[in-house]
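# Understanding the architecture of this molecule
Single-letter residue listing:
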Amino acid sequence: MSVDDTHSRERIMVAATNLFAERGYDATSTRAIADAVGLNIATVAYHVGSKPQLYREVMRRAHEAQRTVVLDALKHLESTGPTPAETMAGLIDFVDAYLGFCLEHREVPALWMRRWLSEGKDLIEFESDLAGPLIADVASAVRTALSRAGIGADVDVEMLVFTIVWTAHSFAQAGFIDTDGNRVPTGDPATLNRFRDHLHTVIDRVIPTTPG
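Rules and cut-offs
Residues numbered from 1 in each chain as written. Predicted model: local features only at pLDDT ≥ 70, side-chain atom pairs only at ≥ 80, totals over all residues. Heavy atoms only, no water. Helix = DSSP H or I, 4+ residues; strand = E, 2+ residues; numbered from the N terminus. Buried < 20%, exposed > 50% of the residue type's maximum accessible area, 1.4 Å probe, protein only. Patch = residues over 30% accessible without salt bridge, like charges linked within 9 Å, V, L, I, M, F, W, Y side chains within 5 Å. Areas by Shrake-Rupley, 256 points an atom, 1.4 Å probe, with all protein chains shown as cover. Salt bridge = Lys/Arg side-chain N within 4 Å of Asp/Glu carboxyl O. Axes fitted to C-alpha atoms, helices over the stretch in contact; angles between N-to-C directions. Parallel < 35°, antiparallel > 145°, perpendicular 65-115°, else oblique. Left-handed = near helix turned anticlockwise from the far one by under 90°. Contact = heavy atoms within 4.5 Å. Nonpolar A, V, L, I, M, F, W, Y, C, P; charged D, E, K, R; others polar. Polar contact = N/O pair within 3.5 Å; in protein donor to acceptor, adjacent residues only side chain to side chain. Expected span 1.5 Å × (residues − 1). Arc of directions from axis to C-beta. Phe/Tyr/Trp six-rings, centres within 6.5 Å; stacked < 30°, edge-to-face > 60°.

Another aspect to go through is the environment of L71. Along the chain, L71 falls in helix 4 (residues 51-78). A residue is classified by how much of its surface remains accessible, and L71, at 23% relative accessible area, is partly exposed. For the pair L71 and D137, spaced 66 residues apart in sequence, the C-alpha separation works out to 8.5 Å.

Taken together, the side chains of W116, M159 and W166 present a nonpolar region at the surface, about 320 Å² in accessible area. The partly exposed category is assigned to W116, whose relative accessible area is 38%.

Attention now moves to the packing of helix 4 against helix 5 (residues 84-104). Running from N to C, helix 4 and helix 5 point in directions that differ by 165°, and their axes come no closer than 9 Å. With respect to helix 5, the element helix 4 is oriented roughly antiparallel. Note that helix 4 runs across helix 5; the crossing there is right-handed. Contacts from A65, Q66, V69, V70, A73, L74, H76 and L77 of helix 4 reach helix 5 at T87, G90, L91, D93, F94, A97, Y98 and F101. Of the residues that constitute the contact of helix 4 with helix 5, the class distribution is 11 nonpolar, 4 polar and 1 charged.

Moving on to the packing of helix 5 against helix 8 (residues 157-174). Running from N to C, helix 5 and helix 8 cross one another at 35°; their axes reach a closest spacing of 9 Å. In the crossing of helix 5 with helix 8, the sense of the turn from one axis to the other is right-handed. Contact residues: helix 5 offers V95, Y98, L99, C102 and L103, while helix 8 offers I164, V165, A168, H169, F171 and A172. Taken together, the residues that form the contact of helix 5 with helix 8 break down as 10 nonpolar, 1 polar and no charged.

The next subject is the side chain of Q66. Positionally, Q66 belongs in helix 4. One polar contact links Q66 to W112, side chain to side chain, over a distance of 3.2 Å. Setting aside its immediate chain neighbours within four residues, Q66 contacts Y98, F101, V108, W112, L134 and H169.

Looking now at helix 8. Spanning 18 residues, helix 8 covers 26 Å between terminal C-alpha atoms, matching the ideal 26 Å at 1.5 Å per step. When helix 8 is considered as a whole, its buried residues turn out to be V157, L160, V161, I164, V165, A168, H169, F171 and A172. The arc that holds every buried residue of helix 8, seen down its axis, measures 165°, which confines them to one face. Buried residues along helix 8 sit against helix 4, helix 5, helix 6 (107-116), helix 7 (125-149), strand 1 (176-177) and helix 9 (189-206). Looking one or two residues beyond helix 8, the residue adopting positive phi is G175, at roughly 70°.

Enumeration over the complete set of coordinates arrives at 7 aromatic pairs. Arranged with centres 5.1 Å apart and planes meeting at 75°, the rings of F20 and Y55 form a pair that is edge-to-face. Note that F20 is positioned in helix 1 (residues 3-23) and Y55 in helix 4, a separation of 35 residues in sequence. A single burial state applies to F20 and to Y55, both of which are buried.

Summarising the element assignment, R31 is placed in helix 2 (residues 30-37). The exposure class of R31 is exposed, given its relative accessible area of 53%.

This is the structure:
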């Protein structure tokens, strides 16, 4: 593939990622993607194939970016000391790393939230091939860390993981609605700190730090 072809393909991928995240799979046409990069439909198809093929590539790229951050954070968790305090600190670091990823790459949680709304529902392999195995890796690592520290034996780890995912994704997309009905963006430092502290509290409350 020539340098020009590689550049054109990357432009298409970026445009498709943004449009799929903003509008969803069903509402994004190949023509809209072509228009976004100033190419014709035939050229787009030449570089990336059909709309389902393009969507699969977008989702896989998003997943790989997500997976890299998650696995790096899990390595850090696995390297923490065995005491309850050290384990809890490792879990907090894990949550902070994931929230940071969601805020830096808002298109990724947006793509997954669209999936939650059954966008592209005929393309079901993303959950079974991508999301499911990653959730299993996270749950296994968290269980191992808790067991090593002798805490959290009764914690529903999968639900805890999904609680963090659901809230981090939603916050990254929508920010916060205050009591006056105003939308406060995620870029507001006080709101971000408040949300991060809340996630930390969730971890602290769900996982008892006394052995048992």
